[in-house]
Amino acid sequence: MKVAIASDHAGYNMKEELKKYLNELGFDYKDFGTNSSESVDYPDYAVEVAKVISSKDFKYGILICGTGIGMSIAANKIMGVRAAVCESQESAKYSRLHNDANILCLGARIITIDKAKEITKIFLETEFEGGRHSKRIQKIHQLTGI
Ligand code: RB5
């Protein structure tokens, strides 16, 4: 399974570390940038990755900025995207089990790289629980039109 990954300058180092970790876990990825620690604008990266999730070209995305918040706000404006900022393994687990989150947003200024690795592993390895949660997710998209 292929993962779309991107960051802004604040998340660049974490992205590079997570790419190595994705290889270790046996996941393929495509890196959508950025390619250095030079200052860039996170919406450019969030929207590009969100579009390939929306089109179902990729099942999961990972977006990293300083807090994860800007990336999540931007990504959640794209149709069919459910982006979740996760700062713990628990939130990563439930973002998949209950929310069927398809983009994981991480804050490189908030959590350590080791924590980001643990969160990423749980996010990518946890399946959506379905059942009563399916109706709620359908409502998110029906009620908002996105
Ligand atoms: C960049 O300084 C910072 O604002 C950005 O990485 C992110 O944290 C925004 O939400």
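Computed from a predicted model, the values in this text were never measured in an experiment.

Turning our eyes to something else, we now look at the side chain of Asp-8. With respect to the element layout, Asp-8 can be found in the loop between strand E1 (2-7) and helix H1 (12-25). Salt bridges are absent for the buried Asp-8, whose nearest opposite-charge side chain, Arg-109, sits at 6.5 Å. The contact partners of Asp-8, leaving out residues within four places of it in the chain, are Thr-34, Val-40, Tyr-42, Ile-64, Cys-65, Gly-66 and Met-71.

Within the fold, Asp-114 resides in helix H5 (residues 113-125). Through-space distance from the C-alpha of Asp-114 to that of Glu-17 is 9.5 Å; in sequence the pair is 97 residues apart.

Scanning the entire structure with this criterion turns up 2 aromatic pairs. Both rings, one in Phe-32 and one in Phe-58, keep their centres 5.8 Å apart while their planes meet at 75 degrees; by these two values the pair is edge-to-face. Taken together, the residues Phe-32 in the loop between strand E2 (28-31) and helix H2 (42-54) and Phe-58 in the loop between H2 and strand E3 (60-65) connect sequence positions 26 residues apart. Under the relative-accessibility criterion, Phe-32 is labelled buried at 12%. The class of Phe-58 is buried, set by a relative accessible area of 10%. On the basis of an interplanar angle of 70 degrees and a centroid distance of 5.6 Å, the ring pair of Tyr-60 and Phe-123 is categorised as edge-to-face. One end of the pair, Tyr-60, is in strand E3; the other, Phe-123, is in helix H5, with 63 residues separating them in the sequence. For Phe-123, a relative accessible area of 0% gives the class buried. Positioned above the aromatic ring of Phe-123 is the side chain of Arg-96, whose terminal nitrogen or guanidinium carbon lies 6.0 Å from the ring centre.

A few words on the pattern of salt bridges. This model, assessed by the stated rule, comprises 10 salt bridges. Here Asp-31 ties to Lys-19 by a salt bridge, and the two come within 2.8 Å at their closest N and O atoms. Of this pair, Asp-31 sits in strand E2 while Lys-19 is found in helix H1, placing the two residues 12 residues apart along the sequence. By relative accessible area, which is 25% here, Asp-31 ends up partly exposed. Taking relative accessible area as the criterion, Lys-19 reaches 13% and is therefore assigned buried. Across the pair Glu-127 and Lys-59 runs a salt bridge whose closest N-O atoms are separated by 3.9 Å. Placement of the pair is Glu-127 in the loop between H5 and helix H6 (132-144) and Lys-59 in the loop between H2 and E3, with a sequence separation of 68 residues. Judged by relative accessible area, which is 43%, Lys-59 ranks as partly exposed. Salt bridges linked by common partners bring Lys-15, Glu-16, Lys-19 and Asp-31 together as one network.

Across the junction of Gly-33 and Thr-34, the peptide omega takes the value 0 degrees, indicating a cis bond. The phi dihedral of Lys-56 falls on the positive side, at around 65 degrees, and the residue is not glycine. Mapped onto the elements of the fold, Lys-56 is located in the loop between H2 and E3. Here Asp-100, not a glycine, exhibits a phi torsion of approximately 45 degrees, which is positive.

Rules behind the numbers
- Residues numbered from 1 in each chain as written.
- Predicted model: local features only at pLDDT ≥ 70, side-chain atom pairs only at ≥ 80, totals over all residues.
- Heavy atoms only, no water.
- Helix = DSSP H or I, 4+ residues; strand = E, 2+ residues; numbered from the N terminus.
- Buried < 20%, exposed > 50% of the residue type's maximum accessible area, 1.4 Å probe, protein only.
- Lys, Arg positive; Asp, Glu negative; His and termini not counted.
- Salt bridge = Lys/Arg side-chain N within 4 Å of Asp/Glu carboxyl O.
- Contact = heavy atoms within 4.5 Å.
- Phe/Tyr/Trp six-rings, centres within 6.5 Å; stacked < 30°, edge-to-face > 60°.
- Lys NZ or Arg CZ within 6 Å of the ring centre and 35° of its normal.

Coordinates in, geometry out; function isn't part of it.
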